[in-house]
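Take a look at the letters that make up each chain.
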Amino acid sequence: MRPPPFVPAAVIPEGGDPHAFALLAAWSPYENPIRFAGLTISSYLRWHHWSPDHRPIMAVLDQADEVFTAFRRPSRGHSQLLDQLSDALSATEEDLPLRLLVVVGDEQLESLRRHDGLRSHLARGASFRLGPLSREAALEACRRPLEAAGHVFEPGADETFADRLRGEGAAPAATVEPLHLQLACTALWDSVRDRSAPIGAGDLVDVDDVLGSFTRRMVHEVARDHFRGDTDKLVALLRPIARQDDTCEELPQPVAQALTERHVLRASEKCRYEIPGRLVEPFLRRAVPAARVADRLAVAAAALHKGWFDIAERYARDEIGQRPDNRTRARAESLLGDLAYLRDDVDSALEHYRAAARHYDATPGSEQIVATHLTAIGTILLDRGAYQDAVSQLESAARRSREPAIRTELAWALWYVGRESGAVEVLDSAMRQSGERPEILRARGEILSDLARPERALKDLRKVEPHEQPSTQAAYALALALSGDVRKAVEAVPRLDVDSDAATLLRAARVMKEAGRDSEASRLACRARDSRGRRPLPPQLTAAADRLIGTA
């Protein structure tokens, strides 16, 4: 569950979760993923109309372990993927009739159960543990998919296959691991898919070869990432573990974690870790050749996703050192830009994103990707207070792409430089071209609220209810107060904490001013003016904050 490779990390909003962004992009693989950067799961499901006539929405989150094991920046109290899933599941049946399948490993199940919002859903008994399969269950799992595809086994061939999965030594295992069955059945399917004759014993794949190949491939990857390709060193550490020798050395934690995630290791008492029994013989019997890197950038992206920044940087720079073509160089520069951005080195991030944009620009058919990188550059400049430069970059991006997310970011940049009418015009144009998309309505409603145009603001903001972001909640409260409904406005002010952004604080201050609570308005305005958040108040709103402070 990784973000698309050509979407820079800088375009994900401060309160956004890269896991949620990756999930939405996976659910809509044929749409430009940048349009999901500001959406929550509930907003996505509502605005993509996945439930015509309120029929159930069937959704899957596979490999959910990555929610717990992949790198993420500090949440700063914002809603993250599990919170968003909980919110979507807790919506009314008429609003979001969601049916969600989450696939997670045993190691992370308790983390899932400890989540306050998901605990009640799991407590309903709606969970199923896929454990080792009995011989009979393994036989059925081998037969039925092949039968559905028009293939059958000769008498006894399926039983032979199941027995080989259990191991053919003196003491075969009583059960079959689902992963091992999946690997062997995939190999069998690949070998017989173009045949129509029944599958006989002579057609069966060598299960030891399949499992040995899998184990070698996983060891290759870990040696490549953690031992600079020194496979012999990793194999030397693993052999005593495979034999369960008393002399087995302690594996470095990142290495053990990587092998466990790849199902080559599991928890044990004797050596802390063990290799699953069915993999031991294939691993010990077959040599593991030196690790090779087929795609350095795929390795770099995977390492970045895990937070292994040094590994990611090494492979990305190695790829650049090979003097690749423009597209490959652009991918490498973009990865280095993500790496710098996640390290909070924004100067380097700008340098690499600009290089990526140049190399993509030299590649035919890359207009949308160039626009996305220009948006990342503009977003960073906006965060740094370089508002005019941000407008220039975002205008260039908007000329290349009509994506609503890009035009929305341009509107915010115009708002920050004091061109409020221009910001509204950009959003009006985006609405005419793309329809009433939530990010456009939300941005226009917030800006109109700040401009004291409550009727138009309320019209937009009511179309994106329920309001999921504090900034939107505060804008809605301000629009209510300015329209005269002060009591309801005070009730609509979001909960404010140390992470509240400057615009949200100022909107709350203006509500309190309308309610006659001048001292509270002054206090909130001070917090807004002095905020050290990602984006401070723009000049015109700083003046508004000063006026509130001065009238306390």
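Numbers given for residues are sequential positions, taken from 1 along each chain in its written order. Given that the model is predicted, a residue must reach a pLDDT of at least 70 before its local features are reported, and side-chain atom pairs must reach 80 or more before they are shown or counted; all residues, however, enter totals for whole chains, interfaces and linings. Each side-chain value is derived from all of the structure's non-hydrogen atoms; neither hydrogens nor water enter the calculation.

> If you had to explain the overall build of the protein chain to someone new, which residues and values would you point to?
Of the regular secondary structure elements, the protein chain holds 28 helices and four strands. Summarising its shape, the C-alpha atoms of the protein chain cover approximately 90 × 55 × 50 Å along the three principal directions. Buried positions account for 51% of the 552 residues belonging to the protein chain. It only takes one pair of heavy atoms within 4.5 Å for two residues to be counted as in contact. Sequence-distant contacts, at least 24 apart, represent 61% of the contacts inside the protein chain between residues at least 6 apart. Summed over all atoms, the accessible surface of the protein chain reaches about 26100 Å², with 48% contributed by carbon and sulfur. Positive residues here are Lys and Arg, negative ones are Asp and Glu, while His and the chain termini are left out of the count. Here the site of a charge means NZ on Lys, CZ on Arg, CG on Asp, or CD on Glu. Each charge class in the protein chain can be summarised by its mean position, and for the 75 positive and 83 negative side chains these summaries are 3 Å apart. Under the DSSP-based scheme used, a helix requires at least four consecutive residues in state H or I and a strand at least two consecutive residues in state E, with every element numbered from the N terminus. Accessible area is worked out with a 1.4 Å probe on protein chains only. A residue is then buried under 20% of its type maximum, exposed over 50%, and partly exposed in between. Shrake-Rupley sampling with a 1.4 Å probe provides the accessible areas, and residues are treated as covered by the protein chains on show and by no other component.

> Would you mind going over a nonpolar patch on the surface in detail, with residue names and values included?
What goes into a patch is any residue over 30% in relative accessible area without a salt bridge, connected to like charges within 9 Å or, for nonpolar side chains (Val, Leu, Ile, Met, Phe, Trp, Tyr), within 5 Å. Put simply, a salt bridge is a Lys or Arg side-chain nitrogen that is within 4 Å of an Asp or Glu carboxyl oxygen. Taken together, the side chains of Val 60, Leu 101 and Val 103 make up a nonpolar region of the molecular surface, amounting to roughly 230 Å² of accessible area. Topologically, Val 103 is positioned in the loop between strand E2 (98-102) and helix H5 (106-113).

> Could you give an account of the pattern of salt bridges, naming the residues involved and the relevant values?
Summed over the entire model, instances satisfying the criterion amount to 36 salt bridges. Beyond isolated ion pairs, a larger network of salt bridges with shared partners links Glu 221, Arg 224, Asp 225 and Arg 262.

> If you had to explain the confidence of the model for the protein chain to someone new, which residues and values would you point to?
Looking at the protein chain, pLDDT values average 85 and 92% of them are 70 or higher. Note on scores: pLDDT gives the predictor's confidence for each residue, bounded by 0 and 100. Between the elements of the protein chain, mean pLDDT differs from a low of 72, seen in helix H3 (residues 66-69), to a high of 96, seen in helix H23 (residues 454-461).

> Quick rundown of the packing of helix H18 (residues 367-383) against helix H20 (residues 404-416)? Include the residues and the values.
The N-to-C vectors of H18 and H20 enclose an angle of 30 degrees; their axes lie 11 Å apart at closest approach. Judged on the interaxial angle alone, H20 and H18 are roughly parallel. With respect to the hand of their crossing, H18 and H20 are arranged in left-handed fashion. On H20, the residues touching Ala 371, Thr 375, Thr 379 and Leu 382 of H18 are Ile 406, Glu 409, Ala 413 and Tyr 416. Residues are grouped as follows: nonpolar covers Ala, Val, Leu, Ile, Met, Phe, Trp, Tyr, Cys and Pro; charged covers Asp, Glu, Lys and Arg; every other residue, Gly included, is treated as polar. Residue classes in the contact of H18 with H20 are distributed as five nonpolar, two polar and one charged. Note on geometry: axes are lines fitted to C-alpha atoms, helical ones only across the stretch in contact, with angles between N-to-C directions running from 0 to 180 degrees. Oblique is the label for any angle not covered by the other classes, which are roughly parallel (under 35 degrees), roughly antiparallel (over 145) and roughly perpendicular (65 to 115). The handedness criterion is simple: a crossing whose near helix is rotated anticlockwise from the far helix by less than a right angle is left-handed, and one whose near helix is rotated clockwise is right-handed.

> Any chance you could break down helix H13 (residues 277-285) for me, citing the residues and the numbers?
Burial in H13 covers these residues: Arg 278, Leu 279, Val 280, Pro 282 and Phe 283. Turning to H13, the residues buried within the fold contact helix H8 (157-166), helix H9 (178-192), helix H10 (207-226) and helix H11 (231-243).

> Provide a residue-level description of the environment of Pro 282, including the pertinent values.
Positionally, Pro 282 belongs in helix H13. C-alpha separation for the pair Pro 282 and Arg 216, spaced 66 residues apart in sequence, amounts to 9.2 Å. Once residues lying within four places of it in the same chain are set aside, the contact partners of Pro 282 are Asp 208, Leu 211 and Gly 212.

> Could you give me a rundown of the environment of Val 264, with the residues and numbers involved?
By the element assignment, Val 264 lies in the loop between helix H12 (253-261) and strand E3 (266-267). By relative accessible area, Val 264 is classed as buried at 1%. In the structure, Val 264 is positioned 19 residues away from Phe 283 in sequence and 9.9 Å away in space, judged by C-alpha atoms. Not counting chain neighbours up to four residues away, the residues in contact with Val 264 comprise Phe 214, Thr 215, Met 218, Leu 259, Glu 274, Ile 275, Pro 276 and Leu 279.

> Talk me through helix H7 (residues 135-148); I want residue IDs and the actual numbers.
Take the number of residues in a helix, subtract one, and multiply by 1.5 Å to get its expected span. The terminal C-alpha atoms of H7 lie 20 Å apart, and with 14 residues this matches the ideal 20 Å at 1.5 Å per residue to within 8%. For H7, the set of buried residues is Ala 138, Leu 139, Cys 142 and Leu 146. Viewed along the axis of H7, the buried residues span an arc of 105 degrees, placing them on a single side of the element. Turned more than 90 degrees from where H7 packs its buried face, Glu 136, Arg 144, Pro 145 and Ala 148 sit exposed. One or two residues past the end of H7 sits Gly 150, with phi positive at roughly 90 degrees. This arc is taken over the directions from the axis of the helix to the C-beta atoms.

> Residue-level account of unusual backbone geometry, with values.
For the peptide bond that leads from Glu 465 to Pro 466, omega is -5 degrees, which places it in the cis range. If you trace the backbone, Pro 466 turns up in the loop between H23 and helix H24 (470-482). The residue His 263 is not glycine, and still its phi comes out positive at about 65 degrees. With respect to the secondary-structure elements, His 263 resides in the loop between H12 and E3. By relative accessible area, His 263 is classed as partly exposed at 47%. Located in the positive-phi region is Arg 323, a residue other than glycine, with phi close to 55 degrees. Mapping Arg 323 onto the fold places it in the loop between helix H15 (309-321) and helix H16 (326-342). Residue class for Arg 323 comes out exposed when judged on its relative accessible area of 76%.

> I'd love a proper account of the packing of aromatic side chains, names of residues and values included.
Pairing of aromatic rings covers Phe, Tyr and the six-membered ring of Trp, with a centre-to-centre limit of 6.5 Å; geometry is then stacked below 30 degrees between planes, edge-to-face above 60, and tilted otherwise. Within the structure shown, the criterion is met by five aromatic pairs. Measuring from ring centre to ring centre gives 6.0 Å for Trp 27 and Tyr 44, while their planes differ by 35 degrees; the resulting arrangement is tilted. Residue Trp 27 is located in helix H1 (residues 18-27), and its partner Tyr 44 is located in helix H2 (residues 41-47); the two are separated by 17 residues in the primary sequence. For Tyr 44, a relative accessible area of 1% corresponds to the buried category.

> Requested: an account of the side chain of His 467, with residues and values cited.
Along the chain, His 467 turns up in the loop between H23 and H24. Whenever two N or O atoms come within 3.5 Å, that pair is a polar contact, provided that in protein one can donate a hydrogen and the other can accept it, and provided that, for residues adjacent in sequence, both atoms are side-chain atoms. A polar atom in the side chain of His 467 sits 2.7 Å from the backbone oxygen of Leu 461. With sequence-adjacent residues up to four places away left out, His 467 is seen in contact with Leu 461, Arg 462, Thr 472, Gln 473 and Tyr 476.

> So what's going on with the side chain of Thr 363? Which residues, and what values?
Examined against the element boundaries, Thr 363 turns out to sit in the loop between helix H17 (346-361) and H18. If sequence neighbours within four positions are ignored, Thr 363 has contacts with Asn 326 and Arg 327.

> Outline the nonpolar core, listing residues and values.
Grouped together as the largest cluster of nonpolar side chains are 102 residues, with contacts concentrated most on Ile 41, Leu 81, Tyr 353 and Leu 506. Apart from the residues lying within four places of it in its own chain, the contact partners of Leu 506 are Ala 528, Leu 537, Leu 541, Ala 545 and Leu 548. For this analysis, a nonpolar core means a set of buried residues of the types Ala, Val, Leu, Ile, Met, Phe, Trp, Tyr and Cys, connected via side-chain atoms within 4.5 Å.

> I'd love a proper account of the state of the cysteines, names of residues and values included.
Structurally, a disulfide amounts to a covalent bond that connects the sulfur atoms of two cysteines. Note on terminology: pairs of cysteine sulfur atoms within 2.5 Å are recorded as disulfides. Summed over the entire model, instances satisfying the criterion amount to zero disulfides. Cys 142 carries a free sulfur, and the closest cysteine sulfur to it, the one in Cys 185, is 3.8 Å from it.

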